[in-house]
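Chains, contacts and geometry: an overview
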Amino acid sequence: MHEFIAALPKAELHVHHVGSASPDTVAELAARHEDSPVPADPAALAEYFTFTDFGHFIEVYLSVVDLLRTPEDIWTLTHEVGRDLAAQNVRYAELTMTPYTSIVRGIAAEAYVEAIEDARRAAERDFGVALQWIFDIPGESGIPAADVTLDTALRLGPGSLVGFGLGGPEIGVPRPQFASHFERARAAGLHSVPHAGESTGPQSIWDSLDLLGAERIGHGIAAAQDPRLMERLATDGIALEVCPTSNVRTRSVPSLDEHPLATLVEAGVTVTINSDDPPMFGTTLNDEYAIAADLLDLDESGLVALATAAVDASFAPEPMKAHLRAEIDAAGR
Ligand SMILES: [Zn+2]
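Not measured: the values here are computed from a predicted model. (Residues numbered from 1 in each chain as written. Predicted model: local features only at pLDDT ≥ 70, side-chain atom pairs only at ≥ 80, totals over all residues.)

This part covers the overall build of the protein. Each helix and strand counted, the protein has 16 helices and eight strands in total. In terms of principal-axis extent, the alpha carbons of the protein reach across some 50 × 45 × 40 Å. In the protein, buried positions account for 51% of the 333 residues. Restricting to contacts in the protein with at least 6 residues of sequence separation, those with at least 24 account for 73%. (Helix = DSSP H or I, 4+ residues; strand = E, 2+ residues; numbered from the N terminus. Buried ≥ 20, exposed ≤ 12 C-beta atoms within 10 Å, placed from the backbone. Contact = placed C-beta atoms within 7 Å.)

Put into structure tokens, the structure is as follows:
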């Protein structure tokens with residue numbers, strides 16, 4: 001099963017740029033910036049990366065943010081994330097980028113966008129992986145962060161920017177306050193993909209659908225508590241970006257055994273499987289597919305259907321979708 005999953009061409013729809021930094025990449029960045037408290041030795045880093053609790057995850061995440069000091073650092077991270085995705089047979093990914101956290105630390109928005117675009121082209125050339133972007137608002141930083149994120153998207157958003165998101169903690173960050181930002185992003189042709197229903201209940205999903213125009217939901221697992229909401233998601237064809245290990249690590253669900261993935265599928269909701277912040281949560285997309293296969297009792301044809309659902313729910317151009325579906329089909333035969 002693991003071999004089949006590893007060989008399966010895949011699309012990844014919910015994975016954070018900074019949260020995808022591997023220990024190797026962080027070692028490289030730490031060596032560039034010797035005053036950083038992050039160890040530059042890969043063995044020490046592997047230990048530093050070993051997940052202990054949610055507070056530790058935030059600490060690791062922020063230490064990586066602090067290592068991104070120049071456009072070259074952004075380039076390196078982006079290029080190496082492309083490499084790590086390609087190594088798992090991910091052919092296409094929508095990377096969630098948080099430009100605000102770099103802009104607020106002094107990297108100009110123009111330089112940020114130039115660096116990710118150049119790294120995107122290089123990753124496609126070097127590793128054969130296609131990347132597109134979702135710019136997300138770090139919700140905990142409020143309206144000022146939403147303003148900067150929207151401005152960066154509208155003014156500088158390249159053709160590869162396909163989505164507008166909302167991440168960070170949900171508790172204490174009501175979704176409705178960002179309605180006008182999402183309205184303007186959508187008017188500019190961006191797809192609405194907020195996080196909701198991860199650590200808070202179904203209401204944040206309702207708000208995302210009704211007030212933010214959500215076309216997919218990041219996590220959305222709380223929908224399993226609300227049959228009417230599951231019906232709405234199923235009827236409207238709104239896919240959830242489910243990240244099982246992340247949900248357990250952040251204690252949004254107590255254990256994998258209690259994960260609501262099967263409840264959502266039984267209600268007819270489209271689910272896609274994703275990895276969120278894989279090295280920091282000690283997982284990979286391939287591991288997440290194995291967990292989903294276990295939770296849903298999938299055989300190889302079920303895994304093919306799961307991989308295809310991610311392609312269908314993606315914002316890839318139609319010819320690329322057709323090509324990916326064909327590749328997945330061929331791997332399933
Ligand atoms: Zn996320």
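What follows picks up the thread again.
Moving on, we come to the packing of helix H8 (residues 142–156) against helix H9 (residues 179–187). The axes of two packed helices give the description: the angle between them and the distance between them. Contact geometry of H8 with H9 gives a least axis separation of 10 Å together with a crossing angle of 5 degrees. One element, H8, and the other, H9, form an angle in the roughly parallel class. When H8 is examined against H9, the residues Ala146, Leu150, Ala153 and Leu154 are found in contact with a partner set consisting of His181, Arg184 and Ala185. Along the lines of polarity and charge, the residues of the contact of H8 with H9 split into five nonpolar, one polar and one charged. (Axes fitted to C-alpha atoms, helices over the stretch in contact; angles between N-to-C directions. Parallel < 35°, antiparallel > 145°, perpendicular 65-115°, else oblique. Nonpolar A, V, L, I, M, F, W, Y, C, P; charged D, E, K, R; others polar.)

The phi dihedral of arginine 251 is positive, around 65 degrees, even though this residue is not glycine. Structurally, arginine 251 is set in the loop between helix H12 (244–249) and helix H13 (261–266). In this structure, aspartate 297 is a non-glycine residue whose phi angle is positive, near 55 degrees. Assignment of secondary structure puts aspartate 297 in the loop between helix H14 (285–296) and helix H15 (300–313).

This part is about the nonpolar core. Counting residues in each nonpolar core, the largest one holds 95 residues, and the members touching the most others are Ala93, Ala223 and Tyr289. If near-sequence neighbours (up to four positions away) are discounted, alanine 223 is found in contact with Gly197, Pro202, Ile205, Leu229, Met230, Leu233, Leu240, Leu264 and Val269. (Core = buried A, V, L, I, M, F, W, Y, C linked by C-beta atoms within 7 Å.)

On to the sheet that holds strand S5 (residues 191–196), then. Strand order in the open sheet formed by eight strands is S1-S2-S3-S4-S5-S6-S7-S8, and the pairing between neighbours is parallel. Edge strands, defined here as strands with exactly one partner in the open sheet, are strand S1 (10–16) and strand S8 (271–273). Strand after strand, the sheet turns through a mean of 25 degrees between neighbouring axes, direction not considered. Across two bridges, the pairing between S5 and strand S6 (residues 216–219) is parallel. Looking at the pairing, histidine 195 lines up with glycine 218 of S6. Here H14 sits on the sheet in contact with S1, strand S2 (90–97) and S8, set at roughly 135 degrees to S8. (Pairing = 2+ DSSP bridges.)

Let us now look at the pairing of S2. With eight of eight residues buried, S2 is to be regarded as a mostly interior element. Pairing analysis gives five bridges linking S1 to S2, with the strands arranged parallel. Along S2, the bridge assignment pairs glutamate 12 with alanine 93. When S2 meets strand S3 (residues 130–138), the two strands line up parallel, connected through six bridges. Pairing of threonine 96 across the sheet is with isoleucine 134, part of S3.

With that settled, the discussion passes to the UniProt feature "domain: Adenosine deaminase" (unreviewed entry) in the protein. Under the local residue numbering, the UniProt record ascribes the feature "domain: Adenosine deaminase" (unreviewed entry) to residues 9–330. What you have in residues 9–330 is 52% helix and 15% strand, and the ends, taken at the C-alpha atoms, are 10 Å apart. (UniProt positions renumbered as here; feature names shortened; annotations may be inferred.)

Residue placement: glycine 128 occurs in the loop between helix H7 (109–127) and S3. In the structure, glycine 128 is positioned 61 residues away from leucine 67 in sequence and 27 Å away in space, judged by C-alpha atoms.

The next subject is helix H10 (residues 203–211). Buried within H10 we find Ser204, Ile205, Asp207, Ser208 and Leu209. After H10 finishes, the residue glycine 213 shows a positive phi value of roughly 65 degrees.

Looking at the element boundaries, valine 248 is found in helix H12. Each C-alpha atom of the pair valine 248 and isoleucine 143 lies 29 Å from the other, and the pair is 105 residues apart in sequence. Excluding residues within four positions of it along the chain, valine 248 makes contact with Val253, Ser255 and Leu256.

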